[in-house]
Every structure is written in structure tokens, then in C-alpha cells.
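Coordinate inspection notes
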Amino acid sequence: MQRNFGELLKAHRTKRGATQRQLADLSTVSIRAIRDLESGRAHRPRRDTVRLIADGLGLRGRERADFEAAGCHPAAGDFRLRCADPAPPPAPLNALLGRDEEVTAVRELLAAGSHRLVTITGLSGVGKSRLAQEVAVGVHESGGVVVLWSSAGAGEQPLPRTGGELAVLIGDRPALLVLDGHEPDRVRLDDLAVLLRECRGLRILATASVPFGLPGERVFPLTPLAVPEPGSGDPVALAAVPSVRLLVREVRQVRTGFTLDRTTAADVAALCRRLDGIPAALEAAACWFLVYEPAAVLEHVRTDPFALTADHLPGLRDTLDSAVRGLDATEVSLLARLTGFDAGWSVGDVAGLTGIPAAAGARFVRRLVLHGLVRPAGPDRTRFRTLDLVNALGLDHRVAV
């Protein structure tokens, strides 16, 4: 049977070998308050009182978490209960396609322990949340690790309680805290620092458009799904490309019986390339198959890809535009020149075009990758292509201006 707070307080005091007077002196809580709590005359201590008594008793880790949970008000206990017996992360609605390597890599980063804060960065709609969800579900199902999930919402703070309070609740237990969609400028960075310092078994997995910039943070840039090479038209070969698999799956949700064959393959492949393999953009395009043939959907994408994806990704244009505005005029000019490399371009190509040292070129390319303006142009991930959606913003016009 679970003890009430008064019984638990008395048990801890007795174990410590302290009298009520001594505990009162150690905690700065009145002896009368301690007597009333132990006798049951007081049932709902103030939160500050519980913390002071815990300090006086010298409680740490799980003992302190249980002690504070026993003393909390019923209305304030929900998050404590979830910490002690957490609900699983959100259940996926469908299978994750084309991200096996990324899932494995993030799991290994978290398990290694050398990077206790891992931030998945990338464009809106590239699949950051879905990747974090897959990792969190795997950690939860493996058992032995507390998994806490916090999704950004209107006015929601990333940590339901302050870093110090949450650190007490987690204690020394192995735990994974997922901060999904909380941007660095809206996160209490001091709270994250407290959590990582006080909870040695804690790992934090975050998803954001840019890194948090905290010491020891490991940034994991998530690039779009692989897309077909230009000229691809073989349905069998295309069916193995991750972006094509995703688009076809989503199309079949609105158009039963849709098949990838010689009449549809070329248009489907071109759609995946035009939308850069961005999962949410492909899902948006799939919705239009309810009323259009593939060729018509492709024509709409060629005319204005942002109009077609507006329902699913209303901020995509603004996100890309903001990333491009973060470049200086010379960098925008270089990015526009790189679009002419049909087979993609490398760090060496950047250095060759500009005459800058290879290290400076590498930093520029890394910046483009982190901001989601380019994607890998092959399986070796050493060559890149500027996103077609970035080209749709009119880079040449910006350079001319």
C-alpha cells in the first residue's frame, strides 16, 4: 500500500535519525508544520514546503522524486505521474519509409553517451518529427528507459516544469526527453543545461529548424528522401526509390488501384524530383491525384509548387526564403551558379568556382546542408544539388537585383 505524505516524511526522518526539531532546523520549516504533516492534521503541504523538507532530509534522485510526488497537490500531479509511469510516445500512423539508416544513426548517437543532446535539423516537412517518433518508440519498447515526449504547440513551453523540478523527477534513472518542434529561441536553455547536469542518465532528442548551440550538442541534419535520377522511367527500378515509394503509398490512399507503370512512371519520377523528396510536399501532391492525372499534377508543380503544397506546408516558401536571405550576395550568386551542375557538385567544385580554400568551401556547403537548401546528389553524399524548390524562388533574379 502506498504511504501518504505524512507517513513517508516520518519514515525518512526516522531513517536519518533526526528529531522533528532537528529536521525543522535543517529545513527551515516550522516544527509545528512537520508535526501536523506527520500526524495527518495537514494533508496538502505547499510545494515550497515539500522542497525545503526534502532538502533538510538530504533526499536525492528517485527518493526525492517519490517524496515530492507524494506531497504534490492532486491538480499538479499529472506530469509527476507521467514521469514515474510515462505514457509511450505518440503511436505512428504509418510505416516510416526510406529512413532506416537515419533511425539507426540517431539511436547509436543516443546510446553512445558521448552526445547527450542530439538535435535533428532540417526543413519544415522533411520528416524530423517522424524520425524522432520512430527513435522514441524504439527506445520505449526496448524497456528500462523513461521516455517523455513534449510537442510544441500554441503557447506551450517545452518543459512542463522548470529544469530543476524535472531533474528531481527524473533523478538518476535512464531517460529520454524528446522536444519536438521547439525552436531554440523559445526554449529555456538554462533548464536544458540543468537537466543535463543533474540527470546523468538523461538523453535529450530535439527537432528544430536550426541547432540549439549548447556545448556538447550533436547536430543531425535530416536531408530529403532520395529521388530518381533524371530520365528514370523503369517502374520496377523506380519502385525501390524512397521518395517514389512514399508518393505511391500516399496516392493509393486517395486513389485506390493506382499503379506505377509505363504510363505513370515518368511523371511520378519527375514529381519526386520537383518536390525534392520532401515527405510532406509529396503527401500534399498525392492529395491532388483525387482529381488530376499525374501529368496534370506535375504541370501544377512546375507552374507553382508552393501553391500546390500550401495546405500541407503553408510555411515552406517562407522557410526557404528566410534561409536564402541568411546568405550574403556572394553566397546567393554562388548557389545560383551551382544549379548548372546536372550531376551535382562537390566541395571541390565550390573551391574551383570561387578560388577560396577548400576549408572555406566546406564550411559554406555545410551551412547550406544545415539550412536545408541542398540535398545529396548520390548515395555517397559527397555531391549535392540545390533544391528545385529553392530554384523556384528565383535565385537568378535575386542575383541580378
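Residues numbered from 1 in each chain as written. Predicted model: local features only at pLDDT ≥ 70, side-chain atom pairs only at ≥ 80, totals over all residues. Heavy atoms only, no water.

Another aspect to go through is the pattern of salt bridges. Enumeration according to the criterion identifies 16 salt bridges in this entry. Across the pair R99 and E102 runs a salt bridge whose closest N-O atoms are separated by 3.2 Å. Grouping residues by exposure puts R99 and E102 together as buried. With a shortest N-O distance of 3.2 Å, E229 and R385 are connected by a salt bridge. (Salt bridge = Lys/Arg side-chain N within 4 Å of Asp/Glu carboxyl O. Buried < 20%, exposed > 50% of the residue type's maximum accessible area, 1.4 Å probe, protein only.)

The subject of this paragraph is the confidence of the model for the protein chain. Summing up the model confidence of the protein chain, the mean pLDDT is 84 and the portion of residues at 70 or higher is 89%. This model gives residues 73-86 a pLDDT under 50, and the stretch forms 29 contacts once residues within four places in sequence are excluded. Below a pLDDT of 50 lies the segment residues 154-158, which in the model reaches 13 contacts outside its immediate sequence neighbourhood of four places, other chains included. (pLDDT = per-residue confidence, 0-100. Contact = heavy atoms within 4.5 Å.)

What follows deals with helix 3 (residues 31-39). Taken as a whole, helix 3 has its buried residues at I31, I34, D36, L37 and E38. In this structure, the buried side of helix 3 is in contact with helix 1 (5-16), helix 2 (20-27) and helix 4 (47-57). (Helix = DSSP H or I, 4+ residues; strand = E, 2+ residues; numbered from the N terminus.)

Glancing now at the packing of helix 1 against helix 3. With their axes 6 Å apart at the nearest point, helix 1 and helix 3 run at an angle of 115° to one another. Contacts between helix 1 and helix 3 involve F5, G6, L9, K10 and R13 from the first element and I34, L37 and E38 from the second. Grouping the constituent residues of the contact of helix 1 with helix 3 by class yields four nonpolar, one polar and three charged. (Axes fitted to C-alpha atoms, helices over the stretch in contact; angles between N-to-C directions. Nonpolar A, V, L, I, M, F, W, Y, C, P; charged D, E, K, R; others polar.)

This brings us to helix 19 (residues 347-354). For an α-helix, the turn length of 3.6 residues means that residues three or four places apart are oriented alike. The N-capping residue of helix 19, defined by a side-chain oxygen 3.3 Å from the backbone nitrogen of G348, is S346. Backbone geometry just downstream of helix 19 places G355 in the positive-phi region, at approximately 80°. (Polar contact = N/O pair within 3.5 Å; in protein donor to acceptor, adjacent residues only side chain to side chain.)

Looking at the element boundaries, H12 is found in helix 1. Looking at H12, the relative accessible area reads 13%, which means it is buried. With 45 residues separating them in the primary sequence, H12 and L57 have C-alpha atoms 7.1 Å apart. Not counting residues up to four positions away in its chain, the partners in contact with H12 are L57, L59, E63 and F67.

Our next topic: the nonpolar core. Core analysis: the biggest nonpolar cluster contains 74 residues, and L205, L320 and L373 have the highest contact counts within it. Tallying contributions element by element places helix 13 (residues 265-274) first for this core, with six residues. Ignoring anything within four residues of it in the chain, the contact list for L320 reads L123, F306, G372, L373, L387, L389, V390 and L393. (Core = buried A, V, L, I, M, F, W, Y, C linked by side-chain atoms within 4.5 Å.)

Bringing the sheet that holds strand 3 (residues 175-180) into the picture now. If you trace the five strands from one edge of the open sheet to the other, you get 2-3-4-1-5, paired in parallel fashion. With partners counted over all chains shown, the strands left at the sheet margins are strand 2 (146-151) and strand 5 (217-221), one partner each. Strand-to-strand, the axes of this sheet are offset by a mean angle of 15°, without reference to chain direction. Both strand 3 and strand 4 (residues 202-208) contribute to a ladder of six bridges, which runs parallel. Paired with L176 across the strands is R203, a residue of strand 4. Contacts between helix 7 (residues 100-112) and the sheet are confined to strand 1 (117-121), strand 3, strand 4 and strand 5, with strand 5 contributing the most and set at about 180° to the helix. (Pairing = 2+ DSSP bridges.)

The subject of this paragraph is the pairing of strand 3. Every other side chain in a regular strand lies on the same face of the sheet, so the side chains alternate between the two faces. With six of six residues buried, strand 3 lies mostly within the body of the structure. Residues A175, L177 and L179 point to one face of strand 3 and L176, V178 and D180 to the other, with burial holding for every one of them. The pairing of strand 2 with strand 3 spans six bridges and is parallel. Note that in strand 3 the partner of W149 across the bridge is V178. Note on the crossover from strand 3 through helix 10 (residues 189-198) to strand 4: the handedness is right-handed. (Right-handed = clockwise from strand over helix to strand, strands pointing away.)

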